[in-house]
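Listed here are the chains, written in short residue letters.
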Amino acid sequence: MTLLISDESAAIALCAEGAVLSEAGDLAAAIARYEQAVNVAPAVLELHLILANAQQLAGRPLDARATLRHALRVAARADAVSDFALGKALIDAGAGADAVGCFRRVRAEYPGDAAAASALAAALREAQQPDDAWTEVSAALRMAPQDPVVLLTAALIRHDLSDFAGALEFCDRSLAIRPDASGVHVTRGYLRHLLGDESGAWTDFESRTLPEPSTATPRWRGEALDGKSILVIGEQGVGDQFQFLRFVHHPSLGAASRVIVACQPEAVPLLRASGYNAVARDETVFADYYVPMLSLPLLLGVNSDWRGAGSTYIATTDAPTVAHPRATRVGLVWAGNPEHRNDAVRSLPPSLLHGLLHTQPRVQFVSMQHGVAATDLPPGIAAHHSGGDWLATARELCTLDLLITVDTGIAHLAGALGMSVWLLVPHVPDWRWGACGSRTPWYPSVRLFRQPARGDWSRVLTNVSAALSSAVLSAR
């Protein structure tokens with residue numbers, strides 16, 4: 001593609017307008033200008049990078065990925081610097097698999113450069129190729145054995161190869177060189193959880209980016225709360241909020257005159273119906289103290305086996321009544337939020353459900369999958385009618401005998417409700433499920449079905465189908 005100077009000049013002018021709008025706080029209008037700039041001069045890589053960054057800031061990661069994938073096809077990349085910039089942006093946007101080609105070109109041009117080998121290793125890891133990634137990061141380690149970034153990349157790859165102890169060793173080596181690296185501390189926290197060291201894990205988690213209120217409220221660090229109010233700020237995904245909500249029932253917080261829980265707006269009705277003083281996270285709240293929700297285990301000196309309000313700490317008092325006798329009702333969730341970086345690992349194609357759906361004649365399967373129209377459901381699954389918010393979802397869950405789900409937010413809601421959950425766990429599990437076993441101290445009613453090998457959902461579903469047949473027969 002031949003780029004006219006006038007096209008580039010027009011694109012630069014549009015980009016400058018976008019920057020002014022962004023500075024003024026009108027990010028939506030800025031993105032519109034950046035999109036115009038890309039359309040005028042699609043061969044200019046920098047324009048795609050600017051647009052993708054703005055989309056990320058606006059909370060539109062899927063759009064950012066689409067922009068960068070488009071750049072792969074149409075933008076000019078004259079040298080390794082351009083390939084590296086695009087590859088890094090793809091990884092940052094959660095599209096690391098698309099970055100492999102960029103970093104292979106960088107690696108070919110700089111075969112003796114540790115950063116090039118490490119970057120290619122990171123991209124291969126994102127592409128779910130940990131064995132190839134280990135080959136590349138091993139080369140980087142030979143070239144730069146004391147580089148903390150290379151050591152962290154090695155730790156992440158050993159984690160993906162299920163070598164949690166080896167990954168922990170690489171984290172320790174990286175921190176010995178750069179002890180204030182917050183990301184490495186958080187990674188080490190995940191590994192400590194998988195290895196059973198919860199106390200050390202909670203300490204490492206304090207290096208994460210911590211939420212703060214919009215008011216000048218002091219952070220709670222364990223002081224007596226008699227007669228005081230405290231704002232508990234929910235963090236990360238809604239599943240994390242459901243998981244850690246149990247700690248609000250600790251006696252230390254119970255001594256407060258008022259405990260306010262700031263959560264995602266769509267969870268507010270559910271938490272209020274369950275008796276919590278809940279507000280949306282962006283609401284201004286005045287309190288004597290605030291505390292990030294995921295900091296509670298460390299401050300309270302408790303671990304995952306602390307029960308809080310018992311096995312159930314979310315409840316819906318107006319759950320619908322289901323007539324009996326009836327078929328066993330089993331809810332199904334086969335995919336998480338596509339914006340989640342690890343969604344390709346934790347989700348499974350609905351086509352794999354066929355064997356489960358058609359070998360259980362005494363079961364009525366109900367879709368609890370978010371965002372799927374009734375017309376797009378696999379044959380054999382009934383639609384649900386929750387209406388979209390978490391209170392409606394909780395009411396629908398209460399009509400089920402069992403929920404079978406991948407690792408996403410609804411699993412935590414069902415566990416907090418105390419209902420039976422069969423959780424489908426990838427071969428390399430999320431930190432909260434531990435490295436082995438079919439049970440979890442977080443939720444007594446949850447049973448784990450683990451992949452025996454990376455990506456092997458077929459055997460997981462075979463085991464689930466056999467267990468379901470046995471459960472249905474024993475219940476008759």
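In the block above lies the structure referred to throughout.
To start, this report covers the structure provided alongside it. (Residues numbered from 1 in each chain as written. Predicted model: local features only at pLDDT ≥ 70, side-chain atom pairs only at ≥ 80, totals over all residues. Heavy atoms only, no water.)

What follows is about helix α7 (residues 114–126). If you check α7, its first and last C-alpha atoms are 18 Å apart, about what 13 residues at 1.5 Å a residue would give, namely 18 Å. Where burial is concerned, most of α7 is hidden: ten out of the 13 residues are buried. All of the buried residues along α7 are A114, A116, A117, S118, A119, L120, A121, A123, L124 and E126. Of the residues that open α7, the one with a side-chain oxygen 3.1 Å from the backbone nitrogen of A115 is D113. Two residues or fewer after α7 comes Q128, characterised by a positive phi angle close to 60 degrees. (Helix = DSSP H or I, 4+ residues; strand = E, 2+ residues; numbered from the N terminus. Expected span 1.5 Å × (residues − 1). Buried < 20%, exposed > 50% of the residue type's maximum accessible area, 1.4 Å probe, protein only. Polar contact = N/O pair within 3.5 Å; in protein donor to acceptor, adjacent residues only side chain to side chain.)

A sheet is described by the order of its strands in space; here seven strands give the open sequence β7-β6-β5-β8-β9-β11-β10, paired in mixed fashion. For this open sheet the edge positions go to β7 (381–382) and β10 (439–440), each flanked by a neighbour on one side alone. (Pairing = 2+ DSSP bridges.)

Next up on the list: unusual backbone geometry. Notably, Q128 is not glycine yet its phi reads approximately 60 degrees, a positive angle. Looking at where Q128 falls in the secondary structure, it is placed in the loop between α7 and α8 (130–143). With relative accessibility at 39%, the residue Q128 sits in the partly exposed group. For S162, which is not glycine, the phi torsion reads 65 degrees and is therefore positive. Mapping S162 onto the fold places it in the loop between α9 (148–160) and α10 (164–177).

Let's shift gears to the nonpolar core. One finds L271, L397, L424 and L468 to be the most contacted residues of the largest nonpolar core, which totals 82 residues. The biggest single contributor to this core is helix α21 (residues 457–475), with seven residues. Counting 42 residues, the second-largest nonpolar core is a separate cluster that includes I91, V100, A127 and F164. (Core = buried A, V, L, I, M, F, W, Y, C linked by side-chain atoms within 4.5 Å.)

A word on the state of the cysteines. One pass over the structure, following the stated rule, counts zero disulfides. Its sulfur unpaired, C263 is 18 Å from the next cysteine sulfur, which belongs to C398. Here C263 falls in the buried class, since its relative accessible area comes to 2%. (Disulfide = S-S within 2.5 Å.)

Of all the residues in helix α6 (residues 100–109), the buried ones are V100, C102, F103, V106 and R107. The buried residues of α6 occupy an angular sector of 155 degrees when the element is viewed end-on, so they sit on one face. On the buried face of α6, the contacting elements are α4 (61–74), α5 (80–92), α7 and α8. (Arc of directions from axis to C-beta. Contact = heavy atoms within 4.5 Å.)

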